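Chain by chain, the residues run as shown.
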Amino acid sequence: MIADLHNHTTLCNHAEGSIDDYIQIAIEQGIKYFGFSDHAPMDFDPKYRMSFKQMKEYEQSVLDAKKRYKDKINILLGYEVDYLKNHIDKRVLEADVDYFIGSVHFIDGWGFDNPEFIGRYEHEDIDEIWQKYFHAIKEMAQSGLFDIVGHLDLIKVFKFMPKKTISSIVKDSLLAIKEADMVLEINMAGFRKPIGEPYPSIELLQEAFKLEIPVTFGSDAHKPQQVGLFANEITTIAKDIGYKQCVIFSNRKKIFINI
Ligand SMILES: [Zn+2]
Ligand SMILES: [Zn+2]
């Protein structure tokens, strides 16, 4: 895997390992472009993210690593930002980064991908939460604030699947992503979850390919050992679908590289 743009640090309070540990494994895995995109601060759910005060420390430590490893690997700086209405903070959006990943982790304030709150699925109409989730993804794309769509179909994490066809639920979101000129990440974390497949699914990636939506790759590592895990699988998937290039970012500009 040539690029891996979705990786966390201990500042989010639910990851482990030092920045150097992550980079060391990335180098061993032959990754050429390695990005940190830790959970950006927000005045909601503060327990699972860095504080606003820690932004400088985070950015500086990634930039220091970029210098330290410049002969071995290209280190990029990003944030994974929650698309959550009324909680998107200017201090984050004004940060001087290579890219922003826009992600939806909440439906009506419910952290649906957190195993702590899995009980709520029993009380929800599955089709309705899928629709609400993808409505938020569409709005996130339309906001024009972000560069990469994080784990497009995260709502499948615990394998509660809709009765409606998934492509009909996702269609408008994909069109909005195309319209916004965003990049889709192929995120490997799904392999480590009950769903056992990448985000997005092969079916949705095929739809994205038809729309000529570019892709990038992300381990979504919360531990150094998760860096590059399932890299061969997702590279094969991307190539089989027809992708020949992936995208990395520098100062929020897309750069296409061969995969
Ligand atoms: Zn996380
Ligand atoms: Zn995420």
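The structure under discussion appears in the preceding block.
Let me sum up the structure you'll find in this document. Note that the coordinates shown come from a computational prediction; the quantities given were computed from them, not determined experimentally.

Let's shift gears to the overall build of the protein chain. If you tally the helices and strands in the protein chain, you get seven helices and nine strands. In terms of overall size, the protein chain behaves like a compact globule, its C-alpha atoms giving a radius of gyration of 17 Å where 259 residues would be expected to give roughly 18 Å. Looking at the 259 residues of the protein chain, the share that counts as buried comes to 53%. Within the protein chain, counting contacts between residues at least 6 apart in sequence, those at least 24 apart form 73% of the total. Carbon and sulfur atoms provide 50% of the accessible area of the protein chain, an area that totals close to 11,600 Å². Side chains of the protein chain carry 31 positive and 40 negative charges; the gap between the two charge centres is 3 Å.

This paragraph deals with the environment of proline 46. If you trace the backbone, proline 46 turns up in the loop between strand S2 (33–39) and helix H2 (55–68). Looking at proline 46, the relative accessible area reads 54%, which means it is exposed. With 43 residues separating them along the chain, proline 46 and alanine 3 place their C-alpha atoms 29 Å apart.

This next bit is on the side chain of histidine 222. Note on placement: histidine 222 falls in the loop between strand S7 (215–218) and helix H7 (231–241). Residue histidine 222 is classed as buried on the basis of its relative accessible area of 17%. Once you skip the residues sitting within four places of it in the chain, histidine 222 turns out to touch His8, His14, Ala15, Glu16, Tyr22, His39 and Arg192.

Okay, the layout of surface pockets next. One simple way to see leftover space: roll a probe sized like a water molecule over the atoms. Considered as a void within the structure, the largest pocket measures approximately 640 Å³ in volume. If you trace the largest pocket, you find 30 residues lining it, with His14, Tyr48, His105, Asp113 and Asn114 closest to the centre. Roughly 240 Å³ of volume is contained in the second largest pocket. Lining the second largest pocket we find Tyr83, Leu84, Lys85, Phe106, Ile107, Asp108, Gly109, Lys132, Tyr133, His135, Ala136 and Glu139. Its residues placed into classes, the lining of the second largest pocket shows six nonpolar, two polar and four charged.

Geometry of an aromatic ring pair is reported as the spacing of the ring centres plus the angle between the planes. The tally for this structure, following the rule as stated, stands at 14 aromatic pairs. Their ring planes at 75° and their centres at 4.9 Å tell us that phenylalanine 209 and tyrosine 243 sit as a pair that is edge-to-face. You can see phenylalanine 209 sitting in helix H6 (residues 202–210) and its partner tyrosine 243 sitting in the loop between H7 and strand S8 (245–250), a full 34 residues away along the chain. With a relative accessible area of 32%, phenylalanine 209 lands in the partly exposed category. Three or more aromatic residues link up through ring pairs in this structure, and these residues are Trp110, Phe112, Tyr121, Trp130, Tyr133, Phe134, Phe158 and Phe160.

Next up on the list: the coordination of the zinc ion (ligand 1). Geometrically, a metal with four donors at the corners of a regular tetrahedron has ideal angles of 109.5 degrees, and one with six donors at the corners of a regular octahedron has ideal angles of 90 or 180 degrees. The protein atoms that coordinate the zinc ion (ligand 1) are His14 (NE2), His39 (NE2) and His222 (NE2), at distances spanning 2.0 to 2.1 Å. Each donor residue of the zinc ion (ligand 1) belongs to the same chain, with the gaps between them written as H-x24-H-x182-H. Between the zinc ion (ligand 1) and the zinc ion (ligand 2), a spacing of 5.6 Å is present. Within this pair, whereas histidine 14 is found in the loop between strand S1 (3–4) and helix H1 (19–28), its partner histidine 222 is found in the loop between S7 and H7, the two being separated by 208 residues in sequence.

In this structure the tally under the stated criterion is one cavity of 30 Å³ or more. Its volume calculated, the largest cavity comes out at about 30 Å³.

Conventions we followed
Residues numbered from 1 in each chain as written. Chains lettered and ligands numbered in written order. Predicted model: local features only at pLDDT ≥ 70, side-chain atom pairs only at ≥ 80, totals over all residues. Heavy atoms only, no water. Helix = DSSP H or I, 4+ residues; strand = E, 2+ residues; numbered from the N terminus. Rg over C-alpha atoms; globule rule 2.2 N^0.38 Å. Buried < 20%, exposed > 50% of the residue type's maximum accessible area, 1.4 Å probe, protein only. Contact = heavy atoms within 4.5 Å. Areas by Shrake-Rupley, 256 points an atom, 1.4 Å probe, with all protein chains shown as cover. Lys, Arg positive; Asp, Glu negative; His and termini not counted. Charge placed at Lys NZ, Arg CZ, Asp CG, Glu CD. 1 Å grid on protein atoms, 1.4 Å probe; cavity = no way out; pocket = protein on both sides within 12 Å on 5 of 7 lines; lining within 4 Å. Points joined across faces, edges and corners; volume = space filled by probe spheres on them. Nonpolar A, V, L, I, M, F, W, Y, C, P; charged D, E, K, R; others polar. Phe/Tyr/Trp six-rings, centres within 6.5 Å; stacked < 30°, edge-to-face > 60°. Donors = N, O, S within 2.8 Å, 3.2 Å for Na, K, Ca; no water.

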